[in-house]
There are 2 protein chains.
Amino acid sequence: MRKSTPRLTVADVGESGLLARLERELVRRRERGVLVHVGDDAAVLTRLSPSAVLSTDLLIEGVDFDFAWGAWADVGHKAAAANLSDLAAMGARPRGLLLGLGLRPEHQVANVLALVASMAKVGRRFAAPLVGGDLSRTSGPLVVAVTVVGEAEPRRAFRRRRARVGDVILVSGALGGAAVGLALLSARKRLPAAVIRRQLRPEPQIALGLALARWGRVTSAADISDGLARDALHLAPRGCGVELDAEALPIAAATRRAAAALGLDVVERALSGGEDFERVVAMRERDVAAALRIAERAGTSLTPVGRVVSRSGLSISGRSSRMAPRGFDHFRSR
Amino acid sequence: MRKSTPRLTVADVGESGLLARLERELVRRRERGVLVHVGDDAAVLTRLSPSAVLSTDLLIEGVDFDFAWGAWADVGHKAAAANLSDLAAMGARPRGLLLGLGLRPEHQVANVLALVASMAKVGRRFAAPLVGGDLSRTSGPLVVAVTVVGEAEPRRAFRRRRARVGDVILVSGALGGAAVGLALLSARKRLPAAVIRRQLRPEPQIALGLALARWGRVTSAADISDGLARDALHLAPRGCGVELDAEALPIAAATRRAAAALGLDVVERALSGGEDFERVVAMRERDVAAALRIAERAGTSLTPVGRVVSRSGLSISGRSSRMAPRGFDHFRSR
């Protein structure tokens, strides 16, 4: 950000001018395991394990993020974190990020650089530098397309739908924070900051994913991005289902208090709110105690919240009122 | 496409309904080297060489493609081809594609499936199945974000800016076809089909890239996506430049005739039109004859069009009128 040109736009500098600035931001030093970086036709990562793990996320302004409550740097952080979280769900080790940006000509260069710098910072923290990208122009909402590549031992990579009937379902960390944080922002309340942070600056649980993959006793796993009610079902084999105990859900005290202040059903937010980017995993009952210790050593927690059952679909115990939690659907929910 | 529901929209089926249809379209058989496919948190490719080559392209309706002249299947084809072409520029072998789609709720399911099927078909043809993706919603133009992962021997991957002064510059195939094809479409002329096809259905030159990489005598290479005038400069080391001979440019007879009929300067289109997705490569003069034979065996051609020179920037000989070819800039050209 140069003070002399605070309002410099993308149209002012053009695509090549913007690319030159992004290269300066990103290619400041040699990254380990990166042979070819931003500025060539493709990136080359070396010393990758024979199994590459890949995931892509497409985030669109007004749907997946909103500048009414987050800054450009928040968007960059969340896009990287959400994408890295998909690798955590597989128990994989991130190695690199790619970014596609669809910009309007009037977008400010300083904002674009803030988004990219924030994304690159999150990536570097998890050993996944931003190694390549593409720019395009749009007349519509800002587009952020992010792709992560990582590595895993093929037989250790977690899969969906591999749990067995009777397996215990556990979730990492705490749920509902992102959804209650979004409700706080929508209500123009900026406190408590810890809950807001769950919405704007989620943390991908890479260390937990890697530790559980090394351990090797998880039968199935998924990312919690669309809400536990929806994502837990991903663990059950086809034809089987999941029973969750609403009273067992891990919900932070600050999230409960904020939800109460807003008059929200915190359990519903924890089940269906989405964007918590925690892990949901299944394992045999006899392995649960060891898993809890592994999570603690990885700096987080695991909480048993239900079981895989032979009846298909989702059932929820410990809840007096009836509900049909659905999770987020891009084309129906809003 | 089901005849009973010809106008089924994305909003009708919802995100999960659309995902289920895409999974049916894509996961019809086991692909070699693909362990985890569409339908999990991430894709897993096995037996990858230790060097992963990655590139991402972001294509936005109205800027990078237009339904006024291409169908949804054309868009899927071109997005895959453009992305694969970036790997060809590195001399890499494609292994998989990822797709992010930003859709409006009123988009028709049949169109979305046509786009995805077309992309998957191109990918399979080059041993790069569509292994993963993400859906989002937009209120604006359609968004197609495509990422390719491939493999290369690290020391064989082509780099930009590695040519030396005196190196000969060669281009593959023929230039200007895509730009003249676009002009034909804009003028609502659908003939000649071969020229239109250069715009709507480009072919990535994967075989040539791989053959040249095995050979090992290319000093620098790039994709021709923004126009030769811009992309040839990518081969020169910093501070050096490129001299092109306008009379040497390979231009197909059909392209010349179509340009003449439209009153276009075909050389200007060949230099600056972009989207030809051919290779531009540099090599020592003594290696040129061998390279021409390699290209022929790969089913295409290479044509010497200029040299790397010590004077920076681009100069063009063999042209009486002055011009300043700039190539395509997303934020300035239109």
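Here's a quick rundown of the structure.

On to the overall build of chain A. Broken down by element type, chain A carries 10 helices and 12 strands. Taken over the C-alpha trace, chain A has a radius of gyration of 21 Å; the compact-globule value for 334 residues is 20 Å, and the two agree within 12%. Here the C-alpha coordinates of chain A stretch approximately 60 × 50 × 35 Å along the principal axes. Going through the 334 residues of chain A one by one, you find that 62% of them count as buried.

Moving on: the sheet that holds strand E11 (residues 302–309) of chain B. All names here are of chain B. A sheet is described by the order of its strands in space; here 6 strands give the open sequence E8-E10-E7-E11-E9-E12, paired in mixed fashion. The sheet is open, and its two borders are formed by strand E8 (220–224) and strand E12 (313–317), each paired with just one other strand. Taking the axes of each pair of neighbouring strands and ignoring which way they run, one obtains an average angle of 25 degrees across the sheet. For strand E7 (residues 168–172) and strand E10 (residues 278–283), the ladder comprises 4 bridges, and the chain directions are antiparallel. Paired with leucine 170 across the strands is valine 281, a residue of E10.

The next thing to look at is empty space enclosed by the protein. All names here are of chain B. Following the criterion strictly, the structure yields 2 cavities of 30 Å³ or more and no others. By volume, the largest cavity is sized at about 70 Å³. If you trace the largest cavity, you find it lined by Asp64, Phe65, Asp66, Trp69, Gly70, Ala71, Asp74, Val75, Lys78, Gln199 and Leu200. For the lining of the largest cavity, the secondary-structure elements that each account for two or more residues are helix H2 (72–90) and helix H5 (193–200). In terms of residues, the lining of the largest cavity owes the most to one element, H2, which gives 3 residues.

To continue, consider the sheet that holds strand E6 (residues 143–151) of chain A. On the basis of which strands lie adjacent, the open sheet formed by 6 strands has the order E5(A)-E4(A)-E6(A)-E3(A)-E2(B)-E1(B) and mixed pairing. Of all strands in the sheet, those with a lone pairing partner are strand E5 (130–137) of chain A together with strand E1 (34–36) of chain B, marking the two edges. Strand after strand, the sheet turns through a mean of 20 degrees between neighbouring axes, direction not considered. In this sheet, E5(A) lies alongside strand E4 (residues 93–103) of chain A in parallel orientation, the contact comprising 7 bridges. Opposite Gly100(A), over in E5(A), you have Asp134(A) as the bridge partner. The strands touched by helix H3 (residues 109–125) of chain A within the sheet are E4, E5 and E6 of chain A, with E4(A) carrying the most contacts at an inclination of about 170 degrees.

Parameters at a glance
Residues numbered from 1 in each chain as written. Chains lettered and ligands numbered in written order. Predicted model: local features only at pLDDT ≥ 70, side-chain atom pairs only at ≥ 80, totals over all residues. Heavy atoms only, no water. Helix = DSSP H or I, 4+ residues; strand = E, 2+ residues; numbered from the N terminus. Rg over C-alpha atoms; globule rule 2.2 N^0.38 Å. Buried < 20%, exposed > 50% of the residue type's maximum accessible area, 1.4 Å probe, protein only. Pairing = 2+ DSSP bridges. Axes fitted to C-alpha atoms, helices over the stretch in contact; angles between N-to-C directions. 1 Å grid on protein atoms, 1.4 Å probe; cavity = no way out; pocket = protein on both sides within 12 Å on 5 of 7 lines; lining within 4 Å. Points joined across faces, edges and corners; volume = space filled by probe spheres on them. Contact = heavy atoms within 4.5 Å.

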